[in-house]
Amino acid sequence: MDIELTPRLLAGRLVQVTDINAVIELKGRMGMLHLPLRSIITDKKLEIGDPVEVYISYAKVTKPEANETKQ
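Residues numbered from 1 in each chain as written. Predicted model: local features only at pLDDT ≥ 70, side-chain atom pairs only at ≥ 80, totals over all residues. Heavy atoms only, no water.

Here the focus is the sheet that holds strand E4 (residues 51-56). Here 4 strands make up an open sheet; going across it, the order is E3-E2-E1-E4 and the pairing antiparallel. Bordering the open sheet on either side are strand E3 (31-36) and E4, each of which pairs with just one other strand. The sheet shows a mean angle of 40° between the axes of neighbouring strands, taken without regard to direction. In this structure, strand E2 (residues 21-26) lies alongside E3, joined through 6 bridges in antiparallel fashion. Among the inter-strand pairings, alanine 22 is bridged to a residue of E3, identified as leucine 35. (Pairing = 2+ DSSP bridges. Helix = DSSP H or I, 4+ residues; strand = E, 2+ residues; numbered from the N terminus. Axes fitted to C-alpha atoms, helices over the stretch in contact; angles between N-to-C directions.)

Following this line, the structure appears as structure tokens:
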């Protein structure tokens, strides 16, 4: 099945911030996103409740390569 995956801009807010990661609650009942701090672009200290935007697309299941082993 060939479908073009186009990233969409989704809004959310920070609900948890630790020394190594942050948790974003996405609007529209889209779920939670756990990200390492190094992947968040900001000029200020992160605080709970900060609004965020993230580009995301659907996940596509791929077939394993012939030389990969099942785990």
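What follows continues from the structure just given.
With that out of the way, let us pick up the pattern of salt bridges. In total, this model carries 2 salt bridges according to the counting rule given. Ionic pairing is found between arginine 13 and glutamate 25, a salt bridge with its closest N-O pair at 3.0 Å. Of this pair, arginine 13 sits in strand E1 (residues 8-17) while glutamate 25 sits in strand E2; the two residues are 12 residues apart in sequence, bridging distant segments of the chain. On the accessibility criterion, arginine 13 (39% relative accessible area) is partly exposed. Residue classification places glutamate 25 among the partly exposed positions, given a relative accessible area of 31%. Here lysine 44 ties to aspartate 50 by a salt bridge, and the two come within 2.9 Å at their closest N and O atoms. (Salt bridge = Lys/Arg side-chain N within 4 Å of Asp/Glu carboxyl O. Buried < 20%, exposed > 50% of the residue type's maximum accessible area, 1.4 Å probe, protein only.)

Note on placement: aspartate 50 falls in the loop between E3 and E4. Once residues within four sequence positions are removed from consideration, aspartate 50 is found in contact with Gly12, Arg13, Leu14, Lys44 and Lys45. (Contact = heavy atoms within 4.5 Å.)

Listed in full, the 10 residues of the largest apolar core are Leu10, Leu14, Ala22, Ile24, Leu26, Leu33, Ile40, Leu46, Val52 and Val54. Going through the elements one at a time, E1, E2 and E4 are the ones with two or more residues in this core. If one sorts the elements of this core by residue count, E2 sits on top with 3 residues. Excluding its chain neighbours within four sequence positions, the residues that come into contact with isoleucine 24 are Gly12, Arg13, Leu14, Gly31, Met32, Leu33, Leu35 and Val52. (Core = buried A, V, L, I, M, F, W, Y, C linked by side-chain atoms within 4.5 Å.)

Moving on: the environment of leucine 37. By secondary structure assignment, the location of leucine 37 is in the loop between E3 and E4. Exposure remark for leucine 37: the relative accessible area of 28% places this residue in the partly exposed category. Sequence separation of leucine 37 and valine 17 is 20 residues, and the distance between their C-alpha atoms is 8.6 Å. Discounting chain neighbours no more than four positions away, the residues touching leucine 37 are Thr18, Asp19, Ile20, Asn21, Ala22 and Leu46.

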